[in-house]
Every structure is written in structure tokens, then in C-alpha cells.
Amino acid sequence: MVLSLPSSVSSADAATEQPPGSWQRELAAAIRDPVELCRILGLDASVAAEAGGSAGGFPLLVPRSFVARMTPGDPRDPLLLQVLPRAAERVDVAGYVADPLREEEALAAPGLVKKYAGRALLLVTGGCAVNCRYCFRREFPYADNGATPAGMSEALRAIAADTSIREVILSGGDPLLLDDSRLERIVGEIVAVPTVRRLRIHTRLPIVLPSRVTPRLVQILGGTRLTTSVVVHANHPAELDAAVAGALADLAGAGVLLFNQSVLLSGVNDSVETLAALSERLLDLRVVPYYLHAPDRVRGTAHFDVPDQTAIGLHAGLKAVLPGYAVPRLVREVPGEVSKVWIG
Ligand SMILES: *Cc1c(COP(=O)(O)O)cnc(C)c1O
Ligand code: SF4
């Protein structure tokens, strides 16, 4: 029971009935204080004390509707573990560095990362609605690079000049933190480049703050000549509640292709049972499981790592119980490669 929380959206279509701006208010009310989080979840004060001393420059941040999906009283809750700072983050482990992906080397223009053929990442904001403890952003908020209007114009000119770019991927940070008007302008500028055929959005917002999927956003994404996909990021089936289902149904209904990427995280989703349940639930919501990422080797995240041999075993276990299209590709990002590297 989480009676002190505002009731989260509970009917499948309620996410579309909220007044404009409600997601911004929800975001402003997100939890940033470990003491408050522990009070809401009925957790011991020592958990909050550890969290308070461990966050470093990457503070606790989690929307209340996401907290409402956690099990009160369980310090090992798989959703809680993704957002709660822990003492293990302060342990330095050899091989874990600030910027393991060396993405600044691949900048084609401010905020434009072109590493792979035919597609380019446009970093439109450095912010997120949640601070995931395993994230590369924790050490290196490089995405702020291109988030200025001048940087954005330069990046869009670079996209138009490079006719090999057929797909533009909005990323960040979380691109859906931009409001609908700004997104509409950016999408409009991408649509105006005749050589671009596809738009992709990498976002965790439909999962952690499903009210972000406004009717206007659905119109913007569904209403262009581009083949548009949204790649969401869910790691555990308990993240996918009725409000999330409603948001995803709205996007799917507008003709947007839906994919999910997860990160394989020790203590969160490192079992065949959990990963299979996640894939099954995603398929129910018309989302294709796309990638299962080995975490990037970012300083402060070593405690989330699953050994490659274990990961390969889990992946084999998934193949044995799921249709092939429901088995995500097990990958790692390796600087200098022409694509993500398939493990195993
Ligand atoms: C992951 C990534 C992509 C997308 O790769 P896909 O295999 O097409 O999903 C594109 N650009 C960069 C820089 C990336 O990191
Ligand atoms: S939502 Fe994505 S980019 Fe943002 S903190 Fe979480 S993992 Fe990192």
C-alpha cells in the first residue's frame, strides 16, 4: 500500500485525458530526497542515510508514479534498486571510467553523434525524468553539448548536408523532456530534409512518466511522412502498469513502431523468469524487445554487472522459452565498432 501517493493513473486510456501540462507538474513533484522516498516505501532510515551519502553529483530523481509501482517495505525491490543511490557506487573498480563510450570523438556537429552507417543520434537535451544509477550520464553529462538553439541549427544543417543519413535518432538525456512545441519544430525540420526517411526516439519517459504521451505528442509522431519508431527503456515487467499500457497503446494506434531496450542488471532482472516475463508483457503491449544491453563500464556502476558467461546463459534460456522475435539481441557498445557488438 502506498496510500500517501497521489493515485496513479489506473485505467488504460486515462493518460490521454489529463489536462495539458500535467506531466510537467508531475515531473516537478518527482522525489529527490532519499528520506522522503524511504518514508513513502516504509524503509529503514539507514537506507536513506546510505543513499544520501552515496549520490555524489548524480542525485536521486524518480517520479512518484514510478515509486507507486514499487513494493513497500522491500529494500531489494527491482525498481527501487534502479534509482536508489548505494554505497557500492563509491567503490572505484579498475576498468570503470567516466566516459567508456568516448562519444565526444564521434561528434559530427554539436549534439550530433554519427557512429553508425545511415543513422545519426541527435542529442536534444541532457536531462532525464529519472536518474538511473547504472547510466553513463552519471559521470559525463555530455548531452548538454548540442542542446542550445545555435547548436541544434548547426546539427540540423549537418544532417541535411550528409545525404547518407536516412534515420535521425532523437536521444539525450531524454528527448521527450522537450515540450510538444519544441519537439514539433525539431520534427518539422527533420521532415524537411528529403533524404531522411525515418525518425526514431529513444526515451524512458513513456515508462517512468506515461502522462508525457499527450494526444498532441501522438499526433506529432504519427502525422509525418517518416517511418517513426519509439524505443522505450523498461528493465522489469513491474514497470509496465496500466498507465504505461495506455500510453503505448496510443502510440501504437498512431502507427508508431514500438521497441524496447533493457539493460541487464544484477539484482534487477538477471533471471530467465524475469526477462521472459518482461518480453511477454512487452508483446502484450505491442512492443518488440529489441536490445538487452550489457551495462557500459561507467565508474560507480560495477555492482550492476552480470558476467558475460552468465548473460549468454540467460540469453540461451530466453531462446528456449520465447518466439524468436521476442528474444532481445544481447549487445554491448564497443568504441570504434561499426555497430553494437552481439555477445555470445
Ligand atoms: C546505439 C546507437 C545507434 C543506434 O544503433 P541501432 O543498432 O540502429 O539501434 C546509433 N548511433 C549511436 C551513436 C548509437 O550509440
Ligand atoms: S532514462 Fe536513460 S539516459 Fe536517463 S538516466 Fe535513465 S538510463 Fe540514463
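Residues numbered from 1 in each chain as written. Chains lettered and ligands numbered in written order. Predicted model: local features only at pLDDT ≥ 70, side-chain atom pairs only at ≥ 80, totals over all residues. Heavy atoms only, no water.

Novice: Please clarify how the environment of Arg-119 should be interpreted in this entry.
Specialist: Positionally, Arg-119 belongs in strand E3 (residues 119–123). Along the primary structure Arg-119 and Pro-335 are separated by 216 residues, whereas in three dimensions their C-alpha atoms are 16 Å apart. Residue contacts for Arg-119: discarding those within four places in its chain leaves Lys-114, Glu-167, Ile-169 and Arg-200. Of the polar contacts made by the side chain of Arg-119, one reaches the backbone oxygen of Ala-117; its length is 2.9 Å. (Helix = DSSP H or I, 4+ residues; strand = E, 2+ residues; numbered from the N terminus. Contact = heavy atoms within 4.5 Å. Polar contact = N/O pair within 3.5 Å; in protein donor to acceptor, adjacent residues only side chain to side chain.)

Novice: How do you make sense of the packing of helix H11 (residues 272–284) against helix H12 (residues 308–321) when you look at a structure like this?
Specialist: For any two helices packed against each other, one specifies the inter-axial angle together with the distance between the axes. Their axes nearest at 9 Å, the elements H11 and H12 cross at an angle of 50°. As summarised for this structure, H11 and H12 are arranged oblique, according to the angle between their axes. Where H11 crosses over H12, the handedness of that crossing is right-handed. Along the contact surface, H11 presents Val-272, Leu-275 and Ala-276, while H12 presents Leu-314, Gly-317, Leu-318 and Val-321. Grouping the amino acids of the contact of H11 with H12 by side-chain chemistry returns six nonpolar, one polar and no charged. (Axes fitted to C-alpha atoms, helices over the stretch in contact; angles between N-to-C directions. Parallel < 35°, antiparallel > 145°, perpendicular 65-115°, else oblique. Left-handed = near helix turned anticlockwise from the far one by under 90°. Nonpolar A, V, L, I, M, F, W, Y, C, P; charged D, E, K, R; others polar.)

Novice: For this particular structure, what's the right way to read the site of ligand 1?
Specialist: The environment of ligand 1 is formed by Val-113, Lys-115, Tyr-116, Arg-119, Leu-121, Ile-169, Arg-200, Tyr-290, Tyr-291, Glu-333 and Lys-340. For ligand 1, an oxygen atom lies 2.6 Å from a polar atom in the side chain of Arg-119. Measuring from an oxygen atom of ligand 1, one finds a side-chain N or O atom of Arg-200 at 2.8 Å. When ligand 1 sits alone it has 390 Å² of accessible area, and the protein chains cover 93% of it. (Near = heavy atom within 4 Å. Areas by Shrake-Rupley, 256 points an atom, 1.4 Å probe, with all protein chains shown as cover.)

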